[in-house]
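Secondary and tertiary structure notes
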Amino acid sequence: MNKKKIINDPVYGFISIPTDLVFDLMEHPYFQRLRYIKQLGMTHLVYPGALHTRFHHALGAMHLMSLAIQTLCDKGHDITPDEEQGLLIAILLHDIGHGPFSHALEKHIVQGIDHEDISTLIMSKLNERFGGFLDTAIEIFNDTYPKRFLHQLVSSQLDMDRLDYLNRDSFYTGVSEGVISSERIIKMLNVKDDAIVVEEKGIYSIEKFLVARRLMYWQVYLHKTVTAGEQLLGKILNRARKLALDGQELFSTPALNHFLSRTITKEQFIDEEHHLETFTCLDDTDIMAAVKVWIGYPDKVLSRLCQNFIQRKLYHVDISNTPPNEARVKELTEKAAKKYNVSIEDASYFVFTDTISNNAYKVNDANIKILMKDGSINDITTASDNSNLEALAKTVEKYIFCYTKDLI
């Protein structure tokens, strides 16, 4: 069978599958599952075109990784064929541990374990099935490989993951503020002292990248309506889990029921293999099928939440720099309890507060380093003459107050 396939990607054009092993990994059910997990969760409720998947993104990130490898090799840095394949596999599989609706339900399916941890577990599982050929990829992914700069290409503040998702998410949402010069940034990459650096002439492209990331968070990822949709889906899963743990029978696929009807700790998830196998059967369709059926469930709270979700009757969301007025929260909670004929406790599914945060750039050990013309290394915030970058390095936290629209 010819495994040297090319894929037509709407963002980059033709993407080549580089090796037989990469092709076989893409064919595996664990990776094919990513076709059925949307990259941007509930964002399509605001931007109807945002229906691209984790599958798309993984291929795009792998394509950019191949460009980065070529750039660094052209500049005289030694990347062996084994390291090259390890890099391509590590970035291809970096999101393989995502659950349904990506970040929207990350804390609701399995609590206390991040998708990166699950990605590592799945990669280890694949490594067993592919005879140890993923050893290098796993070491690079986990940052235990001797050449530390390789890991930075997979996971850092200027990795191929971010370079792809900003352009891809901009393309599918139509939000032009997120468009970045990913190929120019890659051409400016270099290595010094076993760390990825950006040559000084690439400063302005990095400035644009950081500003674009901040704008995309407020305009897309943390858009108030996207937040409303994600909060609503989270409340639905919370309610369903509560009912299931109380012994009530709910319609769900076997994979979803496995996680609804029991509380699984991080330790159990890691130690007991069947949890991971069941997790790899979950995707967006499990959630959507359940939500559609739960509209007719006798529990008033779950039924109404699901009806609101399917009919796009989302929460109203107030975003502010200060905590919401407690008296106002109490007033609407009591109103919800009366209107929906539920307890004050159950009214918290319809009226609640939370926080969101936006951090475009973190000044730490993994900062973006600029290689100056005199050979010195500076952080982007000091190398740049753009004073706005220092502001981008501060975490902005905002308070959200969510309530159903028919309460006002």
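Structure: above.
In this text the structure is predicted, and so the values were computed from the model without any measurement. (Residues numbered from 1 in each chain as written. Predicted model: local features only at pLDDT ≥ 70, side-chain atom pairs only at ≥ 80, totals over all residues. Heavy atoms only, no water.)

Quick look at the sheet that holds strand S7 (residues 369–371) now. Read from one edge of the open sheet, four strands run S3-S4-S7-S8, paired in mixed fashion. Where the open sheet ends on each side, the last strands, each with one partner, are strand S3 (189–192) and strand S8 (377–379). If you compare each strand with its neighbour and ignore which way they point, the axes differ by 50° on average. As judged from the three bridges shared by S7 and S8, these two strands associate in the antiparallel manner. The residue bridging Leu 371 from the neighbouring strand is Ile 377, located in S8. Sheet strands in contact with helix H3 (residues 54–74) are S3 and strand S4 (195–199), and its direction is about 55° off that of S3. (Pairing = 2+ DSSP bridges. Helix = DSSP H or I, 4+ residues; strand = E, 2+ residues; numbered from the N terminus. Axes fitted to C-alpha atoms, helices over the stretch in contact; angles between N-to-C directions. Contact = heavy atoms within 4.5 Å.)

Turning to the side chain of Thr 120, a few remarks are in order. Within the secondary structure layout, Thr 120 lies in helix H6 (residues 115–129). A distance of 3.3 Å separates polar atoms of two side chains, one belonging to Thr 120 and the other to Asn 142. If we ignore the near neighbours within four places in the chain, the residues touching Thr 120 are Phe 141 and Asn 142. (Polar contact = N/O pair within 3.5 Å; in protein donor to acceptor, adjacent residues only side chain to side chain.)

This brings us to empty space enclosed by the protein. In this approach the atoms are scanned with a rolling probe the size of a water molecule, which exposes any empty space left behind. This structure, assessed with the given rule, holds two cavities of 30 Å³ or more. Along the walls of the largest cavity sit twelve residues, with Ser 156, Ile 196, Ala 366, Asn 367 and Ile 368 positioned nearest its centre. Ranked by residue count, the leading element in the lining of the largest cavity is S4, at three residues. The residue makeup of the lining of the largest cavity, split by class, is six nonpolar, four polar and two charged. (1 Å grid on protein atoms, 1.4 Å probe; cavity = no way out; pocket = protein on both sides within 12 Å on 5 of 7 lines; lining within 4 Å. Points joined across faces, edges and corners; volume = space filled by probe spheres on them. Nonpolar A, V, L, I, M, F, W, Y, C, P; charged D, E, K, R; others polar.)

Before going further, it helps to spend a moment on the packing of helix H16 (residues 284–294) against helix H17 (residues 300–310). Axis separation between H16 and H17 bottoms out at 8 Å; the angle between their running directions is 120°. Classified by the interaxial angle, the pair formed by H16 and H17 is oblique. With respect to the hand of their crossing, H16 and H17 are arranged in left-handed fashion. Between H16, through Met 288, Val 291, Lys 292 and Trp 294, and H17, the contact on the second element is made entirely by Leu 302, Ser 303, Cys 306, Phe 309 and Ile 310. (Parallel < 35°, antiparallel > 145°, perpendicular 65-115°, else oblique. Left-handed = near helix turned anticlockwise from the far one by under 90°.)

This part is about unusual backbone geometry. If you check the backbone angles, Asp 143 has positive phi at about 60° while not being a glycine. Looking at where Asp 143 falls in the secondary structure, it is placed in the loop between helix H7 (135–141) and helix H8 (148–154). Of the residues examined, Asp 143 reaches a relative accessible area of 26% and is grouped as partly exposed. Notably, Asp 193 is not glycine yet its phi reads approximately 55°, a positive angle. A relative accessible area of 69% means that Asp 193 is categorised as exposed. (Buried < 20%, exposed > 50% of the residue type's maximum accessible area, 1.4 Å probe, protein only.)

Shape descriptors only; they carry no functional weight alone.
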